[in-house]
Amino acid sequence: MKANKKKTKKETESLSNKKPETLIDKKGIRLDGRKLDELRPVKMEVGVLPNADGSAYLEQGKNKILVGVYGPKEAHPRHIAQQDRAVIQCRYHMAPFSVDERKSPAPSRRDVELSKVIREALEPAVFLEYYPKTSIQVYIEILQADGGTRCAGITTAALALADAGIPMRDLVVACAAGKADGKIIVDLMDTEDKVGDADVPVAYMPNLDAVTLLQMDGNLTVDEFETALNMAIEGSKQLYAKQKEALKLKYVAVEEVEEE
Ligand code: ADP
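What comes next concerns the included structure. (Residues numbered from 1 in each chain as written. Predicted model: local features only at pLDDT ≥ 70, side-chain atom pairs only at ≥ 80, totals over all residues. Heavy atoms only, no water.)

**Quick look at the pairing of strand E9 (residues 210-214)**
Pairing of strand E8 (residues 198-205) with E9, which is carried by four bridges, proceeds in the antiparallel orientation. Paired with Tyr-204 across the strands is Val-211, a residue of E9. Linkage of E8 to E9, two consecutive antiparallel strands, is achieved through a turn of four residues, within which Asp-209 is found at a positive phi near 50°. (Pairing = 2+ DSSP bridges. Helix = DSSP H or I, 4+ residues; strand = E, 2+ residues; numbered from the N terminus.)

**A look at the environment of Asp-100**
Counting through the fold element by element, Asp-100 comes out in the loop between strand E4 (87-94) and helix H2 (109-122). What makes Asp-100 exposed here is its relative accessible area of 61%. For the pair formed by Asp-100 and Val-186, sequence separation is 86 residues and the distance between their alpha carbons is 24 Å. (Buried < 20%, exposed > 50% of the residue type's maximum accessible area, 1.4 Å probe, protein only.)

**Some details on helix H3 (residues 149-163)**
Taking 1.5 Å per residue, 15 residues should reach 21 Å; H3 reaches 20 Å between its end C-alpha atoms and fits that length. For H3, a buried count of 13 out of 15 residues is recorded, marking the element as mostly surrounded by other parts of the structure. Just beyond H3, the residue with positive phi is Gly-165, at close to 75°. (Expected span 1.5 Å × (residues − 1).)

**Examining unusual backbone geometry**
At the junction of Gly-71 and Pro-72, the peptide bond is cis and its omega measures out at 0° in the coordinates. Mapped onto the fold, Pro-72 is located in strand E3 (residues 63-74). Across the junction of His-76 and Pro-77, the peptide omega takes the value -5°, indicating a cis bond. Following the sequence through the fold, Pro-77 ends up in the loop between E3 and E4. Despite not being glycine, Lys-133 shows a phi value in the positive range, around 65°. Relative to the assigned elements, Lys-133 resides in the loop between H2 and strand E5 (134-144).

**With respect to the packing of H2 against H3**
Angle between the axes and distance between the axes are the two parameters that describe a pair of packed helices. Here H2 crosses H3 at 50°, and the two axes come no closer than 10 Å. Taken as axis vectors, H2 and H3 run oblique relative to one another. Judged by the sense of rotation from one axis to the other, the crossing of H2 with H3 is right-handed. On H3, the residues touching Arg-110, Glu-113, Leu-114, Ile-118, Ala-121 and Leu-122 of H2 are Thr-149, Arg-150, Ile-154, Ala-157, Ala-158 and Leu-161. In terms of residue class, the contact of H2 with H3 is built from eight nonpolar, one polar and three charged. (Axes fitted to C-alpha atoms, helices over the stretch in contact; angles between N-to-C directions. Parallel < 35°, antiparallel > 145°, perpendicular 65-115°, else oblique. Left-handed = near helix turned anticlockwise from the far one by under 90°. Contact = heavy atoms within 4.5 Å. Nonpolar A, V, L, I, M, F, W, Y, C, P; charged D, E, K, R; others polar.)

**Things to note about H2**
Between its first and last C-alpha, H2 extends 20 Å over 14 residues, near the 20 Å set by a 1.5 Å rise per residue. Of the residues making up H2, those classed as buried are Asp-111, Leu-114, Ser-115, Val-117, Ile-118, Ala-121 and Leu-122.

**Digging into the pattern of salt bridges**
The full count for this structure, using the stated rule, is 15 salt bridges. Glu-192 is paired through a salt bridge with Arg-34; the nearest N and O atoms lie 3.5 Å apart. You can see Glu-192 sitting in helix H4 (residues 190-195) and its partner Arg-34 sitting in the loop between helix H1 (9-15) and strand E1 (42-46), a full 158 residues away along the chain. Accessibility assignment for this pair places Glu-192 and Arg-34 in one class, buried. The residue Lys-103 makes a salt bridge to Asp-111 at a minimum N-O spacing of 3.1 Å. Exposure class is identical for Lys-103 and Asp-111. Each is buried. (Salt bridge = Lys/Arg side-chain N within 4 Å of Asp/Glu carboxyl O.)

**Some thoughts on the nonpolar core**
Formed by 64 residues in total, the largest nonpolar core has its most connected members in Leu-122, Ile-136, Val-138 and Ile-140. Tallying contributions element by element places helix H5 (residues 222-259) first for this core, with nine residues. With residues near it in sequence (within four places) discarded, Ile-136 still touches Val-69, Tyr-70, Pro-72, Ala-86, Val-87, Ile-88, Gln-89, Val-126, Leu-128, Leu-161 and Ile-166. (Core = buried A, V, L, I, M, F, W, Y, C linked by side-chain atoms within 4.5 Å.)

These values are about where atoms sit, not about what they do.
Given below as structure tokens:
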């Protein structure tokens, strides 16, 4: 067992529901030590669930997200099938242990809403017309949540779709930007999201330079909004490089084994 590491005052504030006095110090450093335009540390891995057709795991700061994909397979129930394309069935679900107060395992209104927005963020990337009458199922499990899980869920789901071999126009990658203590910041953690002034989640297809999700919670001026949007896109590009690395790590390794 690891010895209990003593938490710093900042860490204790960010873990508890207590509202911190400031989110950004005089030097422009955030509660977790990041600069305004700095992403949280990210780890991505594909093909982690052998029983699913495709899967991916992501850690972004304290977020831990697992995605399993099945399909394309015959759509059930039949009435959801479309004659000319596949449908994506997406389920975003927060585990009861993903937040500090146990969350009911039943899907909340928020889970249902996020399942819809994530599906809509992924749909433009997938060649749905290749697989009429079928469904592609995307199961997003939030194992641990610390802000920005809809974005991290999209980034992970796109990796799992690619791992399932589903043809896509581009990967989708997502990142939020927002405002705290009057400053525009990228990749908000939970406390920044809750105590801060605004949050702008953005999903983006980097090669097509197309936005597939754009939401805003809070108040921003037009200039602030533009800065936040550009910052979120810049963050997405950095995450996209990590997505490609994760895919290469699995598939280049597979190729090498085949060549031997
Ligand atoms: P996102 O995770 O995309 O930022 P929200 O803005 O709705 O979505 O949520 C922000 C954060 O609030 C979540 O990432 C999570 O850390 C926290 N949160 C959401 N639902 C709950 C809940 N039922 N109990 C405690 N914390 C929650």
